[in-house]
Amino acid sequence: MASKVVDLIYWKDMERSGMVLTGLVVGLLSLFQLSIITVVSTVSLAVMCFTISVRIYYQLLHILSWGDGEHPFKSYLNLDISFSGEQADIYMQKVIVLTLSAVDGLKKLFFVGNLFDSLKFLFLLYLVTYLGDLCNGLTLIIISVIAVFSLPLFYKRHQEEVDSFVAKIQAQLDSIKDTLQRLAQGGGPPPDPTPGGAKPKPQ
């Protein structure tokens, strides 16, 4: 299942990826005008009309001896989406571990376990308030869906340029982080790069 999702994201099958992306974006855009119940019921009705029509068509072909009578959606009906008891336990344990880890991280941020991390989180929340004024959650979901189908492919094709750019940004952020940490610890001078802290003698 995971490999099929990766194939969709990386556009291994152009037609299928395009259909999935178009369906998701159109469905989300329709939520601006219609309720989610209306959208889900309408889409389900359209899918049912299509599948029933195709099923009847193939059945007629078989009756007229123009087809082999094979079910047109046999591959989907035979698709195994079940989990064994052991697999279910493994996934449940992963969900529990991730949930507890997220709660523990939020606890440290809100109760200032690390001053610098809490300040970063405070700044992020401040930016989110401005983001909320610019767009709503549905717009962000649409942007996220488009990004999921475009950014991985873009990164794959321009990996070297992206890695170089990210490395430069990371170096700048590390420099700013070191400066802020020194200020938080009392504003001491940066560590001496020479071995043992010895200063080179002037010539």
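Residues numbered from 1 in each chain as written. Predicted model: local features only at pLDDT ≥ 70, side-chain atom pairs only at ≥ 80, totals over all residues. Heavy atoms only, no water.

Threshold: UniProt positions are given in the numbering used here, feature names are shortened, and annotations may be inferred rather than shown by experiment.
For the protein, an unreviewed UniProt entry supplies the name Reticulon and the organism Oryzias javanicus. You can read under Subcellular location (unreviewed entry) in the UniProt record for the protein the words "Endoplasmic reticulum membrane".

## A closer look at the overall build of the protein
Heads up, the condition is: Each helix is a run of DSSP H or I of at least 4 residues and each strand a run of E of at least 2, with the numbering of both proceeding from the N terminus. Each residue's exposure class comes from its accessible area (1.4 Å probe, protein chains only) as a fraction of the maximum for that residue type: buried when under 20%, exposed when over 50%, partly exposed otherwise. The contact criterion used throughout is that any non-hydrogen atoms of two residues lie within 4.5 Å. Only the protein chains shown count as cover for residues, with accessible areas throughout obtained via the Shrake-Rupley method and a probe of 1.4 Å.
Within the protein one finds 8 helices and 0 strands. Written out in order from the N terminus, the α and β elements of the protein read α-α-α-α-α-α-α-α. Here the protein holds 203 residues, and the buried ones make up 10% of them. When contacts within the protein are restricted to residue pairs at least 6 apart in sequence, long-range pairs at least 24 apart make up 43% of them. Surface accessibility of the protein: about 16,900 Å² in total, with carbon and sulfur atoms responsible for 68%.

## As for the layout of surface pockets
To keep things clear, this is the line we draw: Cavity means a closed set of points on a 1 Å grid over the protein atoms alone, one where a 1.4 Å probe fits but cannot get out, pocket means an open set with protein on both sides within 12 Å along at least 5 of 7 lines, and lining means a residue has an atom within 4 Å of a point. Grid points are joined across faces, edges and corners, and a volume is the space filled by probe spheres set on the points.
Empty space within the largest pocket amounts to approximately 630 Å³. Taken together, 17 residues form the lining of the largest pocket, with Lys-4, Leu-8, Arg-16, Val-20 and Tyr-76 sitting closest to its centre. For the lining of the largest pocket, the secondary-structure elements that each account for two or more residues are helix H1 (2-9), helix H2 (14-30) and helix H4 (74-77). Broken down by element, the lining of the largest pocket gets its largest block of residues, 5 residues, from H2.

## Overview of the UniProt feature "transmembrane region" (unreviewed entry) in the protein
The UniProt record annotates "transmembrane region" (unreviewed entry) at residues 20-50, 109-131 and 137-155. This span, residues 20-50, is 84% helix and 0% strand, and a straight line between its end C-alpha atoms measures 17 Å. Secondary structure content for residues 137-155 is 100% helix and 0% strand, and the end C-alpha separation is 26 Å.

## Description of the packing of helix H5 (residues 85-110) against helix H6 (residues 115-134)
The line we're drawing: Throughout, an axis means a line fitted to C-alpha atoms (over the contacting stretch in the case of helices), and angles, computed between N-to-C directions, take values from 0 to 180 degrees. Between 65 and 115 degrees an angle is taken as roughly perpendicular, under 35 as roughly parallel, over 145 as roughly antiparallel, and anywhere else as oblique. Each residue is assigned to one class: nonpolar for Ala, Val, Leu, Ile, Met, Phe, Trp, Tyr, Cys and Pro, charged for Asp, Glu, Lys and Arg, and polar for all the others, Gly among them.
For the pair H5 and H6, interaxial distance at closest approach is 8 Å and the crossing angle is 95°. With respect to H6, the element H5 is oriented roughly perpendicular. Touching Leu-106, Lys-108, Leu-109 and Phe-110 of H5 are Asp-117, Ser-118 and Phe-121, all from H6. Taken together, the residues of the contact of H5 with H6 sort by class into 4 nonpolar, 1 polar and 2 charged.

## Looking at the packing of aromatic side chains
Put simply, the rule is: Only Phe, Tyr and Trp rings are paired, with Trp represented by its six-membered ring, and only when their centres lie within 6.5 Å; those with planes under 30 degrees apart are stacked, over 60 edge-to-face, the remainder tilted.
Under the counting rule described, the total for this entry stands at 4 aromatic pairs. Look at Trp-11 and Phe-149: their rings are 6.3 Å apart centre to centre, the planes differ by 80°, and that puts the pair in the edge-to-face class. Here Trp-11, found in the loop between H1 and H2, pairs with Phe-149, found in helix H7 (residues 137-157); they are 138 residues apart in sequence, far enough to count as distant. Summarising the aromatic geometry, the rings of Tyr-126 and Tyr-130 are spaced 5.2 Å apart at their centres and angled 75° between planes, so their arrangement reads as edge-to-face.

## Overview of a nonpolar patch on the surface
Let me state the cut-off plainly: The residues that make up patches have over 30% relative accessible area and no salt bridge, and they are joined within 9 Å when like-charged or within 5 Å when they are Val, Leu, Ile, Met, Phe, Trp or Tyr. Salt bridge criterion: a side-chain nitrogen from Lys or Arg within 4 Å of a carboxyl oxygen from Asp or Glu.
A surface patch of nonpolar side chains, about 770 Å² in accessible area, is lined by Met-48, Ile-52, Ile-56, Leu-60, Ile-63, Leu-64 and Trp-66. Among the structural elements, Leu-60 can be located in helix H3 (residues 36-63). By relative accessible area, which is 46% here, Leu-60 ends up partly exposed.

## A few points about the side chain of Ser-118
Note on placement: Ser-118 falls in helix H6. Apart from the residues within four sequence positions on either side, Ser-118 is in contact with Lys-108, Leu-109, Val-112 and Gly-113.

## What to know about H5
Defined as follows: Helix span, as expected, comes to 1.5 Å for every residue beyond the first.
In a regular helix each residue adds 1.5 Å, so 26 residues correspond to 38 Å; H5 covers 37 Å between its end C-alpha atoms and thus fits that length. Downstream of H5 by one or two residues, Val-112 has phi in the positive range, about 55°.

## Some points on the pattern of salt bridges
For the structure shown, the criterion picks out 4 salt bridges. The salt bridge involving Asp-104 is made with Lys-107; its shortest N-O contact spans 3.2 Å. Of this pair, Asp-104 and Lys-107 both sit in helix H5, 3 residues apart, roughly one helical turn. With a relative accessible area of 46%, Lys-107 lands in the partly exposed category. Across the pair Asp-117 and Lys-120 runs a salt bridge, and its minimum N-O distance is 3.6 Å. Of the two residues, Asp-117 and Lys-120 are both situated in helix H6; the distance of 3 residues between them amounts to about one turn of the helix.

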